[in-house]
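# Descriptive analysis of the structure
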Amino acid sequence: MRLRFPVCPLPPEAERLRAEVREFVAAELAAGLWKPGGDFSSHYDADFSRRLAARGWIGMTWPRRYGGAERSMLERFVVTEELLAAGAPVAAHWIADRQSGPLLLRYGTEAQRAEFLPAIARGEIFFSIGMSEPDAGSDLAAVRTRAARVAGGWSLTGRKVWTTFAHRNHYAIVLARTGDAQGDRHAGLSQFIVDLRAPGVEVRPIVNMAGAHEFNEVVFDRVFVPESRLVGEPGAGWAQVTSELAFERSGPERYLSSLRLAEAALACAGERPSARLREALGRMAAGLLALRAMSLAIAAQLAAGEMPNLEAALVKDLGNAFEREAVAVFRALASELSPPSAEFLAALAETTLYAPSWTLRGGTREILRGLIARGLGLR
Amino acid sequence: MTAPVFAPDPLVADAAERAFADLARSYYAQSAALRTEAREALLAAVERLGFSDALPAPDGRKSWAQAAPILRAQARAAAPIDMAWLLATGDRQGAIAYDPERYDARGGPLPEREESRLALALGRLQQIGAALESALELTLGYVRDRRQFGRALAQFQAIQHSLALGAEDVAATNAAADWALACAATEGLASARLPYLLDCAALVAGRAIERVRDVCHQAHGAIGFTREYALARYSLDLLRWRDSLFALRGGELACAERLGDRALVAKSLWRALTAAMNSGGTEG
């Protein structure tokens, strides 16, 4: 059993950047440009993303020639955690910044990088994830969306589901079958950059339990995808997808979903906060410290070019359980607040409604625990 | 990449792992009647090997890189000598003045000096982190060997998932413990950040001990509940060290309430946390 979470404190330049981000957020709030929300994947505001881009905070670790700022992974960590802690509306650019951009940087052609990365970094184009299908959820290798070779490119046919903000984003990175599995179900998969407004693409809304339209079903009917939009090697899709996982699973969005709730409770704690409230806040701080220490260690490992997928799975599972437990804890404490503010009740309603999604998105609890068990040598 | 600020000395770790394993083996080979004397002999051996010299300097700096691997090796071997007490107080007799097979839920004695209490708390966290790791490793080995219903326990998904949870708690405990240790190693025991980090690490460890003990004992079945089997040693050590840790910090609830108060004073849980985890950059 070798799980590595070395102590990686933030360097002074990252802490200086934190002060800048806090000033930026304070100015945005003072100007009434948005209200603090709770969840990284629900609050969509393209204008906010563009203002963030203007500060150089989207694609900030990428090379300058692709529109990046060549800042460190730890500086990016600070920007993301501060925006999440503030409940900023980050959903528009989140996937492109976290996942699609780094994928193109790693596997994309020079032309793809030149076309997409600067536009992502300017906050002009946003991406969705095109992985899940009606019959391929946790069992992602069961995808049936197929891309067949045609003159000049590929013809894409199939269906993706739970495609968050496909109705507002510009592109999706679609995982599709391009060859026979030939006994290995992870073989014959490829990734494509698909224009969500291309002929043959139909985006159908799926309203979630909270009443919001975030999810979509996306149907591809013989959609022409030019050869230039194939990402990496044909047939190497599985390896490429799994290389994104450490980025996808280890970040602060996996344990900060209920921080706003705790902060809102604190803000209406009154003159004499009860011992139970003080205890709950303290226990939350302790859990948060451990998760943040682990998440920072992974950020440093990713910066060093390592792929700590096992450690990332562990942070996500632990983080999701932590953020969900907090919802129950602060709900029970509502009667100790003097009185519960409108902001607290709004945060309580949102976290309560969204909590079931936390242990599903980005890898279910069951998949994560299976991965960890494999890492422990149990399977 | 920023280099980790604190790294245990690998040479000390190697030597200590081997030595404590040998010492523990010969101790447990003695009959129960001779074990008090055997603990004296163990203490003398530890001193001969130089492991008692890695005492943290009064300001708590520098020698943690040697002390931490020694503490962890002792905990992993379940060697019946309280190295954290010895290193934090220099009190030889106190380090062997207990019966490792007894448990009384009192949290043991507390050192008089504040620096010794802080150093002991840091030592307890390292011992706990290492004992949790060992208990889990022992359990991983057991479930791979033990067969029921015609297959190894390791093949049951329920077992796999509960051990995955155990691994999460072990990792969280060590991550938090190492942050507190790194703070002491670089800034000294007088660091204003240290109490916050210690309280957090203690709460994480306390919760992990509950859950990891449960997972390990459950997977072992009755054999883990016997005195002859090694899990019992880790299990008793963990209980003893948890009680000691919370006694040093004024109790589990006091840890939590203090941390809560820090959030209330800062008017933000997040700001209090990020300030306490900031090792010297400007505060936002």
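Throughout this description, residue numbers start from 1 for each chain and increase along the sequence as written. Here chains are named by letter from A upward and ligands by number from 1 upward, in the order in which they appear as written. Confidence filtering applies because this is a predicted model: local features only for residues at pLDDT of at least 70, side-chain atom pairs given and counted only at 80 or more, and all residues used for totals across whole chains, interfaces and linings. Each side-chain value is derived from all of the structure's non-hydrogen atoms; neither hydrogens nor water enter the calculation.

### Observations concerning the nonpolar core
Buried residues of nine kinds, namely Ala, Val, Leu, Ile, Met, Phe, Trp, Tyr and Cys, make up a nonpolar core once their side-chain atoms join them within 4.5 Å. The rule is simple: take the accessible area with a 1.4 Å probe, protein chains only, and divide by the maximum for that residue type; under 20% is buried, over 50% is exposed, in between is partly exposed. Counting 205 residues, the largest nonpolar core has Phe330 of chain A together with Phe20 of chain B as its most contacted members. Setting aside residues up to four positions removed in sequence, Phe330 of chain A forms contacts with Leu261, Ala262, Ala265, Leu277, Ala280, Leu281, Met284 and Phe344 of chain A. Residues Ala172, Val194, Ala198 and Val218 of chain A belong to the second largest nonpolar core, which totals 17 residues. Any two residues having at least one pair of non-hydrogen atoms within 4.5 Å are treated as being in contact.

### Things to note about helix 9 (residues 275–303) of chain A
All names here are of chain A. What counts as a helix is a DSSP run of H or I of at least four residues, what counts as a strand is a run of E of at least two, and both are numbered from the N terminus. Multiplying 1.5 Å by the residue count of a helix minus one yields the expected span of that helix. Its 29 residues give helix 9 an end-to-end C-alpha distance of 42 Å, which sits within 8% of 42 Å, the value for a rise of 1.5 Å per residue. The buried count for helix 9 comes to 23 of 29 residues, which makes it a mostly enclosed element. Immediately downstream of helix 9, the backbone of Gly305 shows phi near 85°, a positive value.

### Structural notes on helix 11 (residues 269–276) of chain B
Along helix 11 of chain B, six of the eight residues are buried, which leaves the element largely enclosed by surrounding structure. Looking at helix 11 of chain B, one finds that the buried residues are Leu269, Trp270, Ala272, Leu273, Thr274 and Ala276 of chain B. Looking at the buried residues of helix 11 of chain B, the elements they touch are helix 1 (12–30), helix 3 (73–85), helix 8 (259–267) and helix 9 of chain A together with helix 8 (194–220) and helix 10 (252–266) of chain B. Under this definition, polar contacts are N or O atom pairs within 3.5 Å; protein pairs additionally need one hydrogen-donor-capable and one acceptor-capable atom, and for neighbouring residues in sequence, both atoms have to be side-chain atoms. The opening residue of helix 11 of chain B, the one whose side-chain oxygen lies 3.2 Å from the backbone nitrogen of Trp270 of chain B, is Ser268 of chain B.

### What about the environment of Cys183 of chain B?
All names here are of chain B. Within the secondary structure layout, Cys183 lies in helix 7 (residues 157–187). Accessibility expressed as a relative area gives 1% for Cys183, which makes it buried. Taking the C-alpha atoms as reference points, Cys183 and Gly123, separated by 60 residues in sequence, lie 13 Å from one another. The contacts of Cys183, once residues within four sequence positions are left out, are Gly188, Ser191, Arg193, Leu194 and Leu197.

### Structural notes on the packing of aromatic side chains
Where two aromatic rings form a pair, the distance of their centres and the angle of their planes describe that pair. Two aromatic rings, drawn from Phe, Tyr or Trp (for Trp, its six-membered ring), form a pair once their centres lie within 6.5 Å of each other, and the interplanar angle then sorts them: stacked below 30 degrees, edge-to-face above 60, tilted otherwise. Scanning all chains against the criterion turns up 14 aromatic pairs over all chains. Here the aromatic rings of Tyr44 of chain A and Phe126 of chain A are separated by 6.1 Å at their centres, their planes lie at 80°, and the arrangement is edge-to-face. On the criterion of sequence distance, the pair formed by Tyr44 of chain A in the loop between helix 1 and helix 2 (46–54) and Phe126 of chain A in the loop between helix 5 (110–121) and strand 1 (127–130) is long-range, its members being 82 residues apart. Residue classification places Phe126 of chain A among the buried residues on the basis of a relative accessible area of 2%. The cationic tip of Arg151 of chain B hangs over the ring face of Phe156 of chain B; the distance from NZ or CZ to the ring centre is 3.9 Å. One residue, Arg233 of chain B, lies across the ring of Tyr28 of chain B, its end atom 3.5 Å from the ring centre. In this scheme, Lys NZ or Arg CZ marks a charge over a ring once it lies within 6 Å of the ring centre and within 35 degrees of the ring normal.

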